[in-house]
Amino acid sequence: MSVDPTRRRVRSVALIVLGSVVGLIGLALATGGGGVLWADQTQRDSSGYFTQASHRVASNSYAVTHEGVSLHHLPDFVENGKYLRVRIDARGNQPLFVGIARDRDVRAYLANVAHANLRDYAVATSDQKYDSSSGTARPARPASRHIWVASTTGSEPLKWRLREGNWSVVLMNADGSKGIDANVKLGAKVGYLGRTSAALLAFGAALLALAVFLIVRGGGRRDGAGPATAGSQEPQGAAPVPAVPCSYPAALAARLDEPLSRWLWLVKWLLVIPHLVVLAFLWVALLVLSVVAWFAVVVTGRYPRGIFDFNLGVLRWTWRVSYYGYGALGTDRYPPFSLDAEADYPATLDVAYPAEQSRLTAFGRLVLAFPHLLIIGVFVGGGAYWGWHFTSPWSGLIGLLVLVAGVAVLFTGRYPRGLFDLIVGLNRWVVRVVAYAALMTDQYPPFRFDGGGDEPETAPAAPAPAHA
């Protein structure tokens, strides 16, 4: 029983989009797990605390407070034991006292006592703001009061096990006199970070594996259909896609589809939006799968065929949209939503599947491609592959040439043929470099401009010398 091609394509795109979303979530979780692991292993001090830079706290009053520390429904990762640490370095000769008590007890203790409340300890020292409270009474020595759940005097740091409630932190001179000046540093101990990072990494890896499966499933062949590549076996009964004889494994071809509308190119930025939404997910999937393919090439020397077919399908789809839009403006025929070859469309792209790949050059592929990347950076103006045509269409050489072609079509109704050959040739250079950098071919791209809509055939052998 045959499956309707339209339904098959919708299902393929849906699987790919779903896989891309799952892959993004998995990548975010894995990245978060790596960050937690890095913090747990490198950012603790010798006592196991995460500490911040010291802040200067100063006031001419009797006390400095930080009120309204509300702790409710503490999570399980808060370690049992001493969690909060406050270290105080006095800037003068007066020993200092720091204590933690409930808000209501502190208010009662400092009633009618001049003190300053620090609004936000986390801000930079120069921006710290205080709310002043006036009063005429002198407070009793802080250590004589029995309101503190944790306190210390002198250079010994305060350590407090977190408890639910509304709390205030109070900094005073030990004798209760006026004039507070100290450097204060907070530290915190968090438990279960190791297990948290392991769980995030494991769950992220599982989602990435699921994403790869969904994407490959969506891009793979079903019912005898799917992205065709040069040198691949066509399913029985299917019309073969004609191979393009060319001098490089990545073949890009285009046919100027005249007559062209004089004005349609002015609104194509709006017409391609549905494609851009789908391609945004497809390119995320391509990047994720390219990482998987890199590891496969390094380990086995072979590019996984399913990933190759999917990535090639994304490049084909992108080239068709670019050719319709501001990568060439070479056709007014709306591009299909398809990863397949679509040989009847005026813009085609194919890459021959490599039987084997060099493991050695895979390690430094981007370094080897760097000279070409500099050159195509001029072509595309700092954009990524054909994406510059969508986000900043006139930023590179190709974009400027396409703008000239659009103006020519607007006023004359004709696309200058020489300009068309130049634009397609520049795009051909770009796709060769992208295919090489993405490990889709081992053959180094030539420093050569091959203009025109058709790929150049393999260079013929040198002619035999004439006989006398």
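What this report covers is the structure whose coordinates are included nearby. (Residues numbered from 1 in each chain as written. Predicted model: local features only at pLDDT ≥ 70, side-chain atom pairs only at ≥ 80, totals over all residues. Heavy atoms only, no water.)

### Some thoughts on the overall build of the chain
Stage number 1. A tally of regular secondary structure across the chain gives 12 helices and 13 strands.
Stage number 2. Here the chain, with 468 residues, has 44% of them falling under the buried criterion.
Stage number 3. Restricting the contact set of the chain to residue pairs at least 6 apart, pairs at least 24 apart contribute 80%.
Stage number 4. Carbon and sulfur atoms form 61% of the exposed surface of the chain, whose accessible area is close to 23,100 Å². (Helix = DSSP H or I, 4+ residues; strand = E, 2+ residues; numbered from the N terminus. Buried < 20%, exposed > 50% of the residue type's maximum accessible area, 1.4 Å probe, protein only. Contact = heavy atoms within 4.5 Å. Areas by Shrake-Rupley, 256 points an atom, 1.4 Å probe, with all protein chains shown as cover.)

### Quick look at empty space enclosed by the protein
Sizing a probe to match a water molecule and rolling it over the atoms shows the empty space that remains.
Stage number 1. For the structure shown, the criterion picks out two cavities of 30 Å³ or more.
Stage number 2. Taken as a whole, the second largest cavity encloses approximately 50 Å³ of empty space.
Stage number 3. In terms of lining residues, the second largest cavity is bounded by Leu260, Ser261, Trp265, Lys268, Leu329, Asp332 and Val409.
Stage number 4. When its residues are assigned to classes, the lining of the second largest cavity shows four nonpolar, one polar and two charged. (1 Å grid on protein atoms, 1.4 Å probe; cavity = no way out; pocket = protein on both sides within 12 Å on 5 of 7 lines; lining within 4 Å. Points joined across faces, edges and corners; volume = space filled by probe spheres on them. Nonpolar A, V, L, I, M, F, W, Y, C, P; charged D, E, K, R; others polar.)

### Section: the environment of Ala341
Stage number 1. Of note, Ala341 is situated in the loop between α6 (305–324) and β13 (347–351).
Stage number 2. Residue Ala341 is classed as buried on the basis of its relative accessible area of 11%.
Stage number 3. Separated by 24 residues in the primary sequence, Ala341 and Trp317 have C-alpha atoms spaced 8.6 Å apart.

### Thoughts on the pairing of strand β2 (residues 55–59)
Stage number 1. Here β2 shows one buried face, formed by His55, Val57 and Ser59, and one open face, formed by Arg56 and Ala58.
Stage number 2. Direction of pairing for β2 relative to strand β11 (residues 180–188): antiparallel, over a ladder of five bridges. By the bridge assignment for β11, Ser59 is matched with Ile180. (Pairing = 2+ DSSP bridges.)

### A short note on the side chain of His275
Stage number 1. For His275, the location among the structural elements is in helix α5 (residues 273–300).
Stage number 2. You can call His275 buried: its relative accessible area is 0%.
Stage number 3. At 3.0 Å, the side chain of His275 and the backbone oxygen of Pro335 are in polar contact.
Stage number 4. His275 has contacts with Trp317, Val321, Tyr334, Pro335, Pro336 and Phe337, leaving out every residue within four places of it along the chain. (Polar contact = N/O pair within 3.5 Å; in protein donor to acceptor, adjacent residues only side chain to side chain.)

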